[in-house]
Amino acid sequence: MTFEFTHGSTHTMMDLPTLIIHVLFAGFFVWLIFWSLRRGILSLMGKPLNARPCPLFWEEVEAKVLTTEEDEVWQEFHRADLSAKTGIPNRPSGQMRKITNCKVEYSYQGKVYQKTVYNAMAEDDTVHLYCCKGNPEQTKAYVPENNWSKGAGISYLMIGGFLLLIGIVIISVMFF
């Protein structure tokens, strides 16, 4: 199947596989521009690079740590260091631990659930989880991804701007 495109005095013919490849490449190019600009802006703002789960579908619950498994890895995070990097509010006392896996107990709408959670942040034997509103047995542990330095944020903004400029030039050459 061949497609014909005519714009002004320009006439182009393209078969279906080539058209699909061009559309996929354009989609990837647009995604790369938005990804680099978003990462650069979040780094300059000092915010975490990943977002919390959507509040329309996920409810934040506080879970009590029952047991931790034998292959656990404990790392201590001081709250002052963590709040500066991730934007989590600084609390006056305590330390947070990153747990590889542990068994927790939480309640949602009057029912109690037990589940094994992986890669969670624990504070004073409690873990903040997000459980699905439609299926409370499904949970997510949100661990903020550290932002980059200001120089890296500026670099990603420049890369995104350069890619945007290349896209504008390519579109103007193709259609004008």
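Structure's up top.
Let me begin by describing the structure that accompanies this report. The shown structure was predicted, so the numbers you read here are calculated from the model rather than taken from an experiment. (Residues numbered from 1 in each chain as written. Predicted model: local features only at pLDDT ≥ 70, side-chain atom pairs only at ≥ 80, totals over all residues. Heavy atoms only, no water.)

### Quick look at the overall build of the chain
Move 1: Broken down by element type, the chain carries three helices and eight strands.
Move 2: In the chain, the order of α-helices and β-strands from amino to carboxyl end is β-β-α-β-β-α-β-β-β-β-α.
Move 3: The buried share among the 176 residues of the chain stands at 27%.
Move 4: The long-range fraction of contacts in the chain, counting pairs at least 24 apart against all pairs at least 6 apart in sequence, stands at 60%. (Helix = DSSP H or I, 4+ residues; strand = E, 2+ residues; numbered from the N terminus. Buried < 20%, exposed > 50% of the residue type's maximum accessible area, 1.4 Å probe, protein only. Contact = heavy atoms within 4.5 Å.)

### Here's the deal with a nonpolar patch on the surface
Move 1: A cluster of nonpolar residues, Met 1, Leu 16, Ile 20 and Leu 24, forms a patch on the protein surface that exposes about 440 Å² of accessible area.
Move 2: Examined against the element boundaries, Leu 24 turns out to sit in helix H1 (residues 16-45).
Move 3: Judged by its relative accessible area of 59%, Leu 24 is exposed. (Patch = residues over 30% accessible without salt bridge, like charges linked within 9 Å, V, L, I, M, F, W, Y side chains within 5 Å. Areas by Shrake-Rupley, 256 points an atom, 1.4 Å probe, with all protein chains shown as cover. Salt bridge = Lys/Arg side-chain N within 4 Å of Asp/Glu carboxyl O.)

### Details of the pairing of strand S7 (residues 126-132)
Move 1: The element S7 is largely enclosed, with a buried count of five among its seven residues.
Move 2: The pairing of strand S6 (residues 111-123) with S7 spans two bridges and is classified as antiparallel. Within the sheet, the bridge partner assigned to Ala 122 lies in S7 and is Val 127.
Move 3: Once S6 ends, the chain turns through two residues before running back antiparallel as S7, passing Asp 124 with a positive phi of about 50°. (Pairing = 2+ DSSP bridges.)

### Concerning the pattern of salt bridges
Move 1: This structure, assessed with the given rule, holds one salt bridge.
Move 2: Linking Lys 133 and Glu 59 is a salt bridge whose minimum nitrogen-to-oxygen distance equals 3.8 Å. Taken as a pair, Lys 133 in the loop between S7 and strand S8 (139-141) and Glu 59 in strand S3 (residues 58-68) lie far apart in primary sequence, 74 residues in all.
Move 3: Overall, Lys 133 belongs to the partly exposed group, its relative accessible area being 34%.
Move 4: Here Glu 59 falls in the partly exposed class, since its relative accessible area comes to 33%.

Note that all results are geometric; they support no functional claim without further evidence.
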